[in-house]
Each structure stands twice: as C-alpha cells, then as structure tokens.
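Residue-level structural notes
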Amino acid sequence: MPEWSPPEPKPGPLALFLAFGRIGVTAFGGGLTGWIMQDMVRKRRWVGEEDFLAGLAMSQALPGVNVVNIAIWIGYRMGGLWSAVFAALGIILPPMAMVTLFSLIYEWLTRYSWSQRAIEGAVAASIGLMLSMGVKVGRRNLRRVVPAVVMAVIFVAVAILKLPIMLVVLVVAPISVALAYRRELRDA
Amino acid sequence: MRDNIYLSLLAVFVPLSLLSVGGGQAVIPEIHRQVVLGQGWITEAQFVADYAISRMSPGPSSLIVTLIGYQAGGLLGGLLATLAIFLPSSLLMYALVRVWSRHRGARWQRAVENGLAPVAAGLILASCVTLLRAAAGGWMVPAVAVASAGILMTDKVSPLWLIGGGAVVFLVFQG
C-alpha cells in the first residue's frame, strides 16, 4: 500500500456527514468499526491506517460508543469542531431513523422466517468485512516481535478469556506504548 | 411523574454515557437494570424486542436508548435519551483529539501511535470472534464471513454487494 497523504481538498462537514451517514445506514451486523475502516482508510483514504488504529484504540479506552468516538477523531482531523460534530451526527442521526423504521416493521420482520434469514446472512457477510480488516492490520503487526506479542495478548485476553476490554487496554496499552517509546529513543 | 420524565431520562443515561468504557455494549445490562427493574419505563418483553431491533438495524446498537426513550417519553424522550448517551462521552473524546492534534509529530505521539496499533489490531480480531459467537445462523455464519473476507481482500468490490450476497446465500440454503 502506498504511503498515506492527507486528502486534498479536505472533505467539509457536509461530506463527512454524508459519508458517515452512508456507513451508518448500511453497516449491518454490529461490525461498524470494520465498515468505517474500509470506507475511510481504504476507499476514501481520508485517514491513514496508523492514525485510524491509534484513534480506534483510544476510542476503546475512553467511555462512549466507539464508532461515534472514531467519527469525532476523523472529523476533527478534517476540519476542527464542525467537522467533528457533523461526522458524529452522521453516524448517529441516519441510523436513528433506521432503528425507528426497524421498530415499526419489527413484528412484520419476525413473522416470516425468510426475513430473519436474510438479516442473518447480511450479518455474516458483515462480520467478513471486519475479518478482512483484522487480517490486514494483523499481518502488518506480525512483522516485529513486540507488536505481534501485544496483538496476541489482546486477542487472547478479550476473545478467549473474555476479560473486560477496558481493563485489558488499560493494562496492555501503556506497556506497548512504553516499549514503542524505547524503540523511538533507540532509533533516534 | 410524567412532567419530569425528561429529567429522569437524562439522569439515567448521562452517567451511563460516561460509564460506557469499551463501547456501548458494556452498559446494556445496566440499562436493563435501570429502565426495566428500576424505573419500570418499559417491560421485560419490550426491552428484549428493543435489544433485538437495535442489533438488527444497521448503525450503533446503543441506539436502543432511542427506542427506550421514545417508549418512556415520546419523541422528545427519544431525542433526549439519545443525546444523553452520546454527548457526554463525545465531549471527552473531543477534548482528547484536540490535545492530540496540538502535538502532532512529537516523539511521544509516534510512540503512542506505534504502541496502540497492535492493541487495536488485537481488538479488531477479537471482535470478529465476539461477533461470530453472537450471530445466529449456525455454521453458515463463519462460512459466509470467511468467504466475504476473502473476496474483500482480493477484489475492490463494495461491501454492500457482499451484504446482499450474504442475505441471498442464507435465503437459498436455509430459507
């Protein structure tokens, strides 16, 4: 992948609202992070991968809905306060309309088994999107020992031991950052 | 009671916003405890339906609070509940990103970025497992997930096609 450079011109608040809104109404299955990464990093290239991942980890460590936090993270980079506000509104308001719509047709949806199946299938494909992002960033981190170990520890702690995410991040992240800092000093 | 339902909604959801560390899912049990058992705004059955709807619908599943707010206090209730769950934590995130942007390129910041990248990668991979565990649909789920991941990694196809494809595959083989 070629080195990332900031988009020129930067998208304005409206473009951010529409982009996040589009993700918000199409991202089935709870893997919103994967959708945002696919759209913002891969397709639009509004944010670099490293930058996205740093934002993602911080979004997880802070309270709040991760994807709203990420929208604020990306939005602010593109143009300060209003871009952050519109990006966040984009990931909140259109999905709000969707959830209202779904609540209206919920009875109808659950009456027929085929509509349930279709949603399950959409969810399964959506998990695949998350998986493709995971493999992509996973491969990058396998190149050196420390990141590979950090990644493995996080994975085991969260996915297998089912420890609380905040606890895991607050313990592992500072260690990982300290090791990265030592490396920076050594390379300098 | 009715006239301060709005204040009660804020009183319930604002603290939950700041407690939702690790994502909106973290506070779902607490939301259940407060709105069903504590306040009695909605019934157990309503909560279960709201939860299913919020998972089924695209977008953040924390939007369950929109439904609860609406059922407890009408349109304004829905809006206030949504605002209450998103705004406080968003202000915190905003403060962080401002500080972060002010120190662009500092050595500590490169270290934070490099140190957090594998943390985030591990979290993404772990969330795949969590999502797979939570999904209904049996062995077809991992099969379709792996297939669509494979397609996405080799082709520049829009994920929307895969979503539609996943739905069709499930209909054909399990409908």
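In this text, all values refer to a predicted model and were calculated from it rather than measured experimentally. (Residues numbered from 1 in each chain as written. Chains lettered and ligands numbered in written order. Predicted model: local features only at pLDDT ≥ 70, side-chain atom pairs only at ≥ 80, totals over all residues.)

So, on to the overall build of chain A. Secondary structure summary: chain A contains seven helices and zero strands in total. Each of the three principal axes of chain A carries a C-alpha extent, and together these read 60 × 45 × 30 Å. A total of 188 residues make up chain A; the buried ones form 57% of that total. For chain A, the proportion of contacts with a sequence separation of at least 24, taken over those separated by at least 6, is 61%. (Helix = DSSP H or I, 4+ residues; strand = E, 2+ residues; numbered from the N terminus. Buried ≥ 20, exposed ≤ 12 C-beta atoms within 10 Å, placed from the backbone. Contact = placed C-beta atoms within 7 Å.)

Our focus in this paragraph is the interface of chain A and chain B. Contact residues are listed per partner, giving 85 residues for chain A and 83 residues for chain B. Among the secondary structure elements, those contributing two or more residues to the side of chain A that touches chain B are α1 (13-26), α2 (32-43), α3 (49-61), α4 (66-111), α5 (113-141), α6 (145-160) and α7 (165-187) of chain A. By residue number, the principal contributor to the side of chain A that touches chain B is α5(A), which donates 23 residues. Considering only residue class, the side of chain A that touches chain B consists of 59 nonpolar, 21 polar and five charged. (Nonpolar A, V, L, I, M, F, W, Y, C, P; charged D, E, K, R; others polar.)

Further remarks concern α4(A). Its 46 residues give α4(A) an end-to-end C-alpha distance of only 33 Å, which falls more than 12% under 68 Å, the value for a rise of 1.5 Å per residue. Of all the bends in α4(A), the greatest, near 145 degrees, is centred on A:Gly80. (Expected span 1.5 Å × (residues − 1). Bend = angle between axes of the 7 residues up to and from the residue.)

How big an interface is tends to be stated in terms of the accessible area lost upon association of its parts. Its domain assignment divides chain B into domain 1 (1-102) and domain 2 (135-175). Taking the mean C-alpha position of each, domain 1 of chain B and domain 2 of chain B sit 31 Å from one another. (Domains from an automatic or database assignment.)

This brings us to the packing of helix α3 (residues 44-56) of chain B against helix α4 (residues 64-102) of chain B. Residues and elements named next belong to chain B. Running from N to C, α3 and α4 cross one another at 140 degrees; their axes reach a closest spacing of 8 Å. In terms of axis orientation, α3 runs oblique to α4. α3 and α4 meet at a crossing whose hand is right-handed. Residues Gln46, Asp50, Tyr51, Ile53 and Ser54 of α3 pack against Ile64, Leu67, Ile68 and Gln71 of α4. (Axes fitted to C-alpha atoms, helices over the stretch in contact; angles between N-to-C directions. Parallel < 35°, antiparallel > 145°, perpendicular 65-115°, else oblique. Left-handed = near helix turned anticlockwise from the far one by under 90°.)

Turning our attention to helix α1 (residues 5-19) of chain B. Residue and element names in this part refer to chain B. Here α1 spans 22 Å end to end across 15 residues, near enough to the 21 Å set by a 1.5 Å rise per residue. Of all the residues in α1, the buried ones are Leu9, Val12, Phe13, Leu16 and Ser17. Around the axis of α1, the buried residues are gathered within 130 degrees of arc, so they sit on the same side. Those residues of α1 that are buried are in contact with α2 (28-38) and α4. (Arc of directions from axis to C-beta.)

Attention shifts here to the domain arrangement of chain A. Residues and elements named next belong to chain A. Under the domain assignment, chain A is made up of domain 1 (1-140) and domain 2 (142-188). Between the C-alpha centres of domain 1 and domain 2 there is a distance of 24 Å. Contacts between the two partners involve six residues from domain 1 and, on the opposite side, eight residues from domain 2. Taken together, the elements giving at least two residues each to the side of domain 1 that touches domain 2 come down to α3 and α5. Within the side of domain 1 that touches domain 2, the residues separate by chemical class into two nonpolar, two polar and two charged.

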